[in-house]
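Tertiary structure, described
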There are 2 protein chains.
Amino acid sequence: MPPFRKYTIQESGAFVETVAYPPTASGPLDGLRFAVKDIIDLAGHRTSCGSPDWGRTHPPAAANALCVDQLLGAGARCVGKAICDELAFSLDGENYFYGAPLNPRAPDHVTGGSSSGSASAVACGLADFALGTDTGGSLRVPAANCGIFGWRPSHGFISTAGVTPFAPGFDTVGLLAESADLLSRAGSVLLAASVPGDVEVGALHLISEAWANADQEIRAALSRTVKLLQGLFGDKVHETSLREIDGGGAGLGLASWYETSSILQWCEMWSCLGSWVESVKPALSPKAAKFFELIKNTDRRRLGDAVRTRERYCRRLKNFLGPRDLLCFPTVPAPARFKGGVKVDRPDQPKTNYYPRTLSLTAIAGIGRLPEVSLPLAEVGGVPVGLSLLAAPGQDAYLLGVVQLVASRSGL
Amino acid sequence: MPPFRKYTIQESGAFVETVAYPPTASGPLDGLRFAVKDIIDLAGHRTSCGSPDWGRTHPPAAANALCVDQLLGAGARCVGKAICDELAFSLDGENYFYGAPLNPRAPDHVTGGSSSGSASAVACGLADFALGTDTGGSLRVPAANCGIFGWRPSHGFISTAGVTPFAPGFDTVGLLAESADLLSRAGSVLLAASVPGDVEVGALHLISEAWANADQEIRAALSRTVKLLQGLFGDKVHETSLREIDGGGAGLGLASWYETSSILQWCEMWSCLGSWVESVKPALSPKAAKFFELIKNTDRRRLGDAVRTRERYCRRLKNFLGPRDLLCFPTVPAPARFKGGVKVDRPDQPKTNYYPRTLSLTAIAGIGRLPEVSLPLAEVGGVPVGLSLLAAPGQDAYLLGVVQLVASRSGL
């Protein structure tokens, strides 16, 4: 891939505002710049969560989020508060109120969301890495769309203090970066663990339902990378189905992972946001208004089954995955949509059933509390797509080490 | 122990208000009543978090917290919103604004907090079990003081959606119950896992620093139980030091666990509450006002070291503990204080250095993300004290099974 050209702040449209927070100490991130998604607190600023009325009805943050202070304390400086999708629930990358940040690798296409500005800032060269959050794909999807690295950590290992909660059973704070090296350097600060330089790999499982769920063009574009992985993992590459992981029975496919994670996230989001929506009656985009109607009316008696299914899948994944084993599949099932979807119905917008298909892929790490990294390893028609590697819960440092290895072998 | 006599709602003083939420479905908790700590949302009610100004400045909850809906969906009914300590940060059990719920087993002594009303409701027979939260001991301490069972779950496995966040890296939602059986029945609903009836035990590690940290009277009172455990675990009972778990080197003792967890929790709490405190300028008890001054002024450059130490301890514990191994030590280092500490300086209040000593014990599960259950297995001078068992992260169902076994062998 060609080196990234630098874009101006105006061209990128990544930031709600630029800021200048100096490092609080010297450390492994000396000299590096980072952006912060606007649902993560920066002391002295209002956190808007992509909604002007959220910002208006909440006081300025008294303290930085913990993750921000971790990075400032390791030598990095914060340069901008990055736009995100309205109340962090969509994968669009087009905010009805704040606009759509530039995807410099595919300017007619969206960045994806909800960590849209964080992805744009990194892809445009305005930050070396960026903090974002990922509940249902909000780091992985924009990473794939923008041709950068994106890491959703294991659930519960990076503090969410100072980060607005949306669905705490799924919410994670993670990173976007231009290179595997930068991802590892910043990741190791958040994890407080060193990323191994030399990794010994276990088994690599290509999840068959997830591959089948992706466009033929994406499978073809990633085939070169799969060959590379076969070179690295040798005879430990397997085609594995989710049914097999779920005990080999007549278990349900990817649709059940998607449905389970949707119900849980909808109920959690209404528990977290419902009181504010009902009392403030905020200005919402038509899409958000529709979404809140949907989650408000979710039958919460379905929760029992959904929690049971989630925990069963989670336990099965945990028992299946050894500490060095990985799952692998395309991050997104289709390339990024054209821009304009939020305000305009574009006739050239292909009907791809994009949301259910994408959320089916992102649900695997969400349900399983697994770490996942999207690597920018291919393009389809000039639009970047990503390949995802997932590890066992808590194996984030190992996963980041594998990502560095794969990236260097791929010439990234 | 004598059977619990029933107390009236007025005698107990456990509730902010009584409620009547019927079950939404029939299930394993049919016919059981539960109380809910007033930092956990009940739809239609204001959640006060033990602070009148918090309630006043936040809208009524639009939805139940997820854990409440899980229990209602399993057949239980909710009978009360239980008092908690002001903004959930203390272990007192005496709320400056709402009063001190009754500890029926030791009426001159506090229940402990912050899940004070939840513990009182259970101990007074007004609820079969109660939901509470535990960041730094808020379920375990009142369980020990009130002579009931208290379970702090593994971090991240019970959803906190609809529960006010204070220190999300440590916050957990868990249960108080009168019996091990009720704890298991309700726990298995929250966990979505069955509690094994027949458990095969691994090693039991009596943590030497934690035992040394407790009053001689507590160690003596628990010695009968330790003998019982030796009968169950046989030659797999070991005296183990935290230094040994931390790699056998010249590592730091319990004081370092306490200090690490304090710094992290203070920083997280200021990230979560600081904006509200600074903008609303709420009425605070003198103790809370002092606490917020303290956490506001914590040097956040200490975060880097604290996160690194926490994650090292957490990894060491995880590597040390097999899936059936347990840690064991007294839940509290001293019996519950006399009532009256919040508003009156009682001359008969012994100077016990209570907070650092207690938080040193509760820090072990907090730092390690481990599940812990306090069992009501002894008394000191007529005041209940607890024995804690801790398991590896995610081994909650196994731990609840062991608790049932130990309870039945102890005649509870």
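Residues numbered from 1 in each chain as written. Chains lettered and ligands numbered in written order. Predicted model: local features only at pLDDT ≥ 70, side-chain atom pairs only at ≥ 80, totals over all residues. Heavy atoms only, no water.

Moving on to the interface of chain B and chain A. The interface of chain B with chain A comprises 45 residues on the first partner and 45 residues on the second. Of the roughly 3,200 Å² buried at the junction of chain B and chain A (both faces included), carbon and sulfur atoms supply 61%. Across the chain B-chain A interface, the total number found is 2 salt bridges. Here Arg300(B) ties to Asp69(A) by a salt bridge, and the two come within 2.5 Å at their closest N and O atoms. Scanning the region where chain B abuts chain A turns up 14 residue pairs in polar contact (both at pLDDT 80 or more). Listed by contribution, the elements that provide at least two residues to the side of chain B that touches chain A are helix H3 (66–72), helix H6 (180–191), helix H10 (254–280) and helix H12 (303–320) of chain B. (Contact = heavy atoms within 4.5 Å. Buried area = accessible area lost by both parts, 1.4 Å probe. Salt bridge = Lys/Arg side-chain N within 4 Å of Asp/Glu carboxyl O. Polar contact = N/O pair within 3.5 Å; in protein donor to acceptor, adjacent residues only side chain to side chain. Helix = DSSP H or I, 4+ residues; strand = E, 2+ residues; numbered from the N terminus.)

When two helices pack together, their arrangement is given by the angle between the helix axes and the distance between those axes. Residue and element names in this part refer to chain A. Orientation of helix H12 (residues 303–320) relative to helix H13 (residues 354–368), taken along the N-to-C sense of each, is 85°, at an axis distance of 8 Å. Of the possible angle classes, the one that applies to H12 and H13 is roughly perpendicular. Touching Arg310, Tyr313, Cys314 and Leu317 of H12 are Ile364, Gly366, Ile367 and Gly368, all from H13. Among the residues making up the contact of H12 with H13, the classes are represented as 5 nonpolar, 2 polar and 1 charged. (Axes fitted to C-alpha atoms, helices over the stretch in contact; angles between N-to-C directions. Parallel < 35°, antiparallel > 145°, perpendicular 65-115°, else oblique. Nonpolar A, V, L, I, M, F, W, Y, C, P; charged D, E, K, R; others polar.)

By a simple turn and slide, chain B fits onto chain A: the slide is 0.0 Å along the axis, the RMSD is 0.0 Å, and the turn is 180°. Accordingly, the operation relating the two chain copies is best matched by a two-fold axis. Within chain B, Gly156(B) has its C-alpha nearest the rotation axis, a separation of 2.9 Å. (Least-squares fit on C-alpha atoms with pLDDT ≥ 70 in both.)

Residue and element names in this part refer to chain A. Split by domain assignment, chain A resolves into domain 1 (9–191) and domain 2 (204–374 + 385–392). Facing the 45 residues of domain 1 at the interface are 46 residues of domain 2. When domain 1 packs against domain 2, the two sides together hide about 3,900 Å² of surface, and 62% of this comes from carbon and sulfur. On the surface where domain 1 and domain 2 come into contact, there are 4 salt bridges. (Domains from an automatic or database assignment.)

Residues lying three or four places apart along an α-helix face the same way, a consequence of the helix completing one turn every 3.6 residues. All names here are of chain B. The end-to-end C-alpha distance of helix H13 (residues 354–368), which contains 15 residues, comes to 22 Å, matching closely the 21 Å that a straight helix rising 1.5 Å per residue would cover. Of all bends in H13, the biggest is about 40°, found at threonine 362. Of all 15 residues in H13, 12 are buried, a share of seventy percent or more. Within two residues after H13, arginine 369 carries a phi angle of roughly 60°, on the positive side. (Expected span 1.5 Å × (residues − 1). Bend = angle between axes of the 7 residues up to and from the residue. Buried < 20%, exposed > 50% of the residue type's maximum accessible area, 1.4 Å probe, protein only.)

Turning our eyes to something else, we now look at the pairing of strand E7 (residues 204–207) of chain A. All names here are of chain A. Every second residue of E7 is oriented toward a common face, with Leu204 and Leu206 on one face and His205 and Ile207 on the other, all of them buried. Looking at chain direction, E7 and strand E8 (residues 237–240) are connected through 4 bridges and run parallel. Note that in E8 the partner of histidine 205 across the bridge is histidine 238. With 3 bridges joining them, E7 and strand E9 (residues 326–330) adopt parallel strand pairing. By the bridge assignment, histidine 205 is partnered in E9 with leucine 327. (Pairing = 2+ DSSP bridges.)

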